[in-house]
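# Geometric and topological summary
Next come the chains, spelled out residue by residue.
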Amino acid sequence: MEHYITVAGIGPGSPDYLLPVAKKVIENATVLIGSRRALTAFCREDQKSYSIGADIEGVLTYIEKVHIAEKVVVMVSGDPGFYSLLAALREKFGAAKLKVIPGISSVQLAFARVGEFWQDAVLLSMHGRRADDSALVYQPLKKLGFLTDGKHNPAFIAQLLIKQGWPPATRSWLCENLSYDNENIAALTLAEVSQVSGFHHCVMVVAHE
């Protein structure tokens, strides 16, 4: 019998945005692995759990120990294919051992909220990393979508984009707590964003017409 590790995208946060197929495998799992927030939202008392923290190697070692005897589901926020634990799982176990269930990315939801199509957008992460400057260079009609963090926050990104030739009047949106009751979306110019505080760990959409 083949023993797979299921990687399920749980969407941007609210259970309303969880795909039914992901809900089903999460309910049928004997071991759930995910962030503390995800485990609080989805883990039952009769299910084993393991919290994902900074020690990714520890998470992988735990999965290696239990996945033969257990139905393991790794819950990742958004979509597994966009800056998630999937890359580390593929490297450790190989693609053939994984079953991947897509989810709704926070970036996807952000573009939907502001009424922008994203088929031509450059999608980048500044969450725990720095995007290459070559991807940030201004071009007419260019669109960008960013995951941000406390260090590489929207103000930092806006200042960087202006240095890369983006007009200060370029439209941008800061989208935080997407799908939650306290969702907040601010529509600002890059010049205004360069002076804004807060909006850490949000999605930033930039579009020049």
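Our structure's up above, just so we're on the same page.
This text gives an overview of the structure that appears in the document. Given the structure is predicted, the values throughout are model-derived calculations rather than measurements.

### Structural notes on the sheet that holds strand 2 (residues 31-34)
An order of 3-2-4-1-5 is seen for the five strands of this open sheet, with the pairing classed as parallel. Both outer strands of the open sheet, strand 3 (48-51) and strand 5 (98-101), are each paired with one neighbouring strand and no more. Adjacent strand axes in the sheet meet at a mean angle of 20 degrees when their direction is disregarded. Packed onto the sheet, helix 3 (residues 56-66) meets strand 1 (5-9), strand 2, strand 3 and strand 4 (72-76) and runs at close to 160 degrees relative to strand 3. Where helix 4 (residues 86-93) meets the sheet, it contacts strand 1, strand 4 and strand 5, and its direction lies at approximately 165 degrees from that of strand 5.

### Looking at the nonpolar core
A general feature of soluble globular proteins is that nonpolar side chains tend to end up buried together. By size, the foremost hydrophobic cluster in this structure holds 19 residues, and its most contacted members are Leu-136, Leu-144, Phe-146, Leu-161, Leu-190, Met-204 and Val-206. Listing elements by their share of this core, those giving two or more residues are strand 7 (143-147), helix 6 (154-163), helix 7 (190-193) and strand 10 (203-207). The dominant element in this core, judged by the number of residues it contributes, is helix 6, at four residues. Each residue touching Leu-161, except ones within four places of it in the same chain, is listed here: Leu-136, Leu-144, Phe-146, Trp-166, Leu-190 and Val-206. Formed by 17 residues, the second largest nonpolar core is a distinct cluster that contains Ile-5, Val-72, Val-74 and Leu-85.

Conventions adopted
- Residues numbered from 1 in each chain as written.
- Predicted model: local features only at pLDDT ≥ 70, side-chain atom pairs only at ≥ 80, totals over all residues.
- Heavy atoms only, no water.
- Pairing = 2+ DSSP bridges.
- Helix = DSSP H or I, 4+ residues; strand = E, 2+ residues; numbered from the N terminus.
- Axes fitted to C-alpha atoms, helices over the stretch in contact; angles between N-to-C directions.
- Contact = heavy atoms within 4.5 Å.
- Core = buried A, V, L, I, M, F, W, Y, C linked by side-chain atoms within 4.5 Å.
- Buried < 20%, exposed > 50% of the residue type's maximum accessible area, 1.4 Å probe, protein only.

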